Amino acid sequence: MNVKHRKSLQTVCCAVVFAYFMLLVYQTFGGVRLGVVVNEEVRSDKFHYRERSLTEDRSQTEMEVPLELTSEFATATATVKPPTTTLDDIFISVKTTKNYHRKRLPIILKTWFQLARKQTWFFTDTDDAEFQLKTNGHMINTNCSSSHSRKALCCKMSVEFDSFLNTDKRWFCHFDDDNYVNVPRLVRFLGDYNPKDEWYLGKPSIQAPLEIVKKEKKTVKKIKFWFATGGAGFCLSRALAVKMMPFASNSRFISTGERIRLPDDVTMGYIIEHLLKQPLTVVDQFHSHLEPMKFIRKDTIEDQLSFSYAKAKEEWNVVKIDGFSETEDQYRFLSLHCFLFPYFSFCPRRR
Ligand SMILES: *[C@@H]1O[C@H](CO)[C@@H](O)[C@H](O)[C@H]1NC(C)=O
């Protein structure tokens, strides 16, 4: 090969490499959040997952790969987007107790449960034939005590956690029986995260991390950690749940809770933040009854993941939304549901 040929070959090579690079840059920064991309580059394990998920769900992938490009290129672009998340990837658990079945479950069954009937399970402390029928067999008697004690709460969380591990779902999302869950929003939200990475997604209800004193042999140690309030709902990725197994699976969640003498959601934070050193990712769109519901603006309702209600002294802490009258809809969940999903048959027909 003479010098002239080699030069032109080099030029062509450079041009090809440059074009490939520009395409990558375009695919990377065109429409995908920067944070996610940076993560991708740092964590090579994600890269492999993404590669696999592309071959698995090639038919479902939303990416448009130009026809003339090779599969090599398709693999490169596949690192950009988390795997497609569907409702079936999520295990939704709702903690309840026998005295609340009649009071709190009917409105859930009438509204958001209808959007996730196969994915939602109720964890309670008794057998209830009526609600077993109404939920299509989705009531689970944990055999835990029906008291509101720390041990009873940790006992239920332990059964919820083990039940999730027994499925092949990618996400575990826990809620309480006074939560309204915005199901399609939850699916879209989790789509931004990769379940093969360790994710603890939720919202604290205190302004600073919790500080507890831990006695180890003869030394006393202060430890600090954040926890997601159970009453607002939180989600764990499967990868995180698997890492938690030594401290949480097969009823070990109860003994861990007993050791630190704190409620279920605090125990969750202790295991994840303190023992596993995985930080809580704060998600403002989860809402517990500990915060005033009336401050959720109407134009942001569709973005929220969960809502709640409570009676605080004489006043009801409920979402401020028009719709049904207060006597028909004390908790405002019917009005909320019709605002989000007006096609439901019980919603007023729009003119
Ligand atoms: C609760 O007890 C019943 C009867 O012993 C048993 O069949 C069931 O599996 C138990 N439930 C759980 C969640 O362990």
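Residues numbered from 1 in each chain as written. Predicted model: local features only at pLDDT ≥ 70, side-chain atom pairs only at ≥ 80, totals over all residues.

As named in an unreviewed UniProt entry, the chain is Fringe-like glycosyltransferase domain-containing protein, taken from Phyllotreta striolata. Of the comments in the UniProt record for the chain, the one headed Sequence similarities (unreviewed entry) reads "Belongs to the glycosyltransferase 31 family." (UniProt positions renumbered as here; feature names shortened; annotations may be inferred.)

1. Some points on the overall build of the chain
When helices and strands are counted, the chain shows twelve helices and 13 strands. Buried residues in the chain amount to 36% of all 351 residues. A fraction of 67% describes how many contacts in the chain between residues 6 or more apart in sequence connect residues 24 or more apart. (Helix = DSSP H or I, 4+ residues; strand = E, 2+ residues; numbered from the N terminus. Buried ≥ 20, exposed ≤ 12 C-beta atoms within 10 Å, placed from the backbone. Contact = placed C-beta atoms within 7 Å.)

2. Remarks on the packing of helix 10 (residues 252-260) against helix 11 (residues 264-275)
Contact geometry of helix 10 with helix 11 gives a least axis separation of 10 Å together with a crossing angle of 95°. Here helix 10 lies roughly perpendicular to helix 11, going by the angle between them. Contact with helix 10, carried on its side by Phe-253, Thr-256, Gly-257 and Ile-260, involves Asp-264, Thr-267, Tyr-270 and Ile-271 of helix 11 and no other residues of that element. Grouping the constituent residues of the contact of helix 10 with helix 11 by class yields four nonpolar, three polar and one charged. (Axes fitted to C-alpha atoms, helices over the stretch in contact; angles between N-to-C directions. Parallel < 35°, antiparallel > 145°, perpendicular 65-115°, else oblique. Nonpolar A, V, L, I, M, F, W, Y, C, P; charged D, E, K, R; others polar.)

3. Notes on unusual backbone geometry
Excluding glycine, residues mostly carry a negative phi; peptide bonds, for their part, are mostly trans. Despite not being glycine, Asn-250 has its phi angle at roughly 50°, a positive value. Tracing the chain through its elements places Asn-250 in the loop between helix 9 (238-248) and helix 10. Even without glycine at this site, Arg-261 takes up a positive phi of about 55°. Structurally, Arg-261 can be placed in the loop between helix 10 and helix 11. Judged by the 11 C-beta atoms lying within 10 Å of it, Arg-261 falls in the exposed class.

4. Focus on helix 7 (residues 150-165)
Owing to its 3.6 residues per turn, the α-helix aligns residues three or four sequence positions apart on the same side. If you check helix 7, its first and last C-alpha atoms are 23 Å apart, about what 16 residues at 1.5 Å a residue would give, namely 22 Å. Taken together, the buried positions of helix 7 are Leu-153, Cys-154, Cys-155, Lys-156, Met-157, Ser-158, Val-159, Glu-160, Phe-161 and Phe-164. (Expected span 1.5 Å × (residues − 1).)

5. Looking at the site of the ligand
Taken together, Ile-140, Asn-141, Thr-142, Asn-143 and Val-159 make up all the residues around the ligand. In terms of residue class, the shell around the ligand is made up of two nonpolar, three polar and no charged. (Near = placed C-beta within 6 Å.)

6. Focus on the environment of Val-213
Counting through the fold element by element, Val-213 comes out in strand 7 (residues 210-216). For Val-213, a count of 9 C-beta atoms within 10 Å corresponds to the exposed category. Along the backbone, Val-213 and Lys-224 are eleven residues apart, and their C-alpha atoms lie at a distance of 8.8 Å.

7. Some remarks on helix 12 (residues 333-340)
Most of helix 12 is tucked away: seven of the eight residues are buried. Where helix 12 is concerned, the buried positions are Phe-333, Leu-334, Ser-335, Leu-336, His-337, Cys-338 and Leu-340.

8. Let's talk about the pairing of strand 9 (residues 234-237)
Side chains of strand 9 alternate between two faces, with Phe-234 and Leu-236 and Cys-235 and Ser-237 buried alike. By the bridge criterion, four bridges tie strand 4 (residues 171-176) to strand 9 in an arrangement that is antiparallel. Looking at strand 9, one finds that His-174 is bridged to Phe-234. When strand 6 (residues 200-202) meets strand 9, the two strands line up antiparallel, connected through two bridges. Considered in strand 9, the bridge of Leu-201 is made with Cys-235. (Pairing = 2+ DSSP bridges.)

9. Brief notes about the environment of Lys-311
Within the secondary structure layout, Lys-311 lies in strand 12 (residues 310-312). A residue is classified by how many C-beta atoms lie within 10 Å of it, and Lys-311, with 12 of them, is exposed. It is 9.0 Å that separates the C-alpha atoms of Lys-311 and His-289, two residues lying 22 residues apart in sequence.

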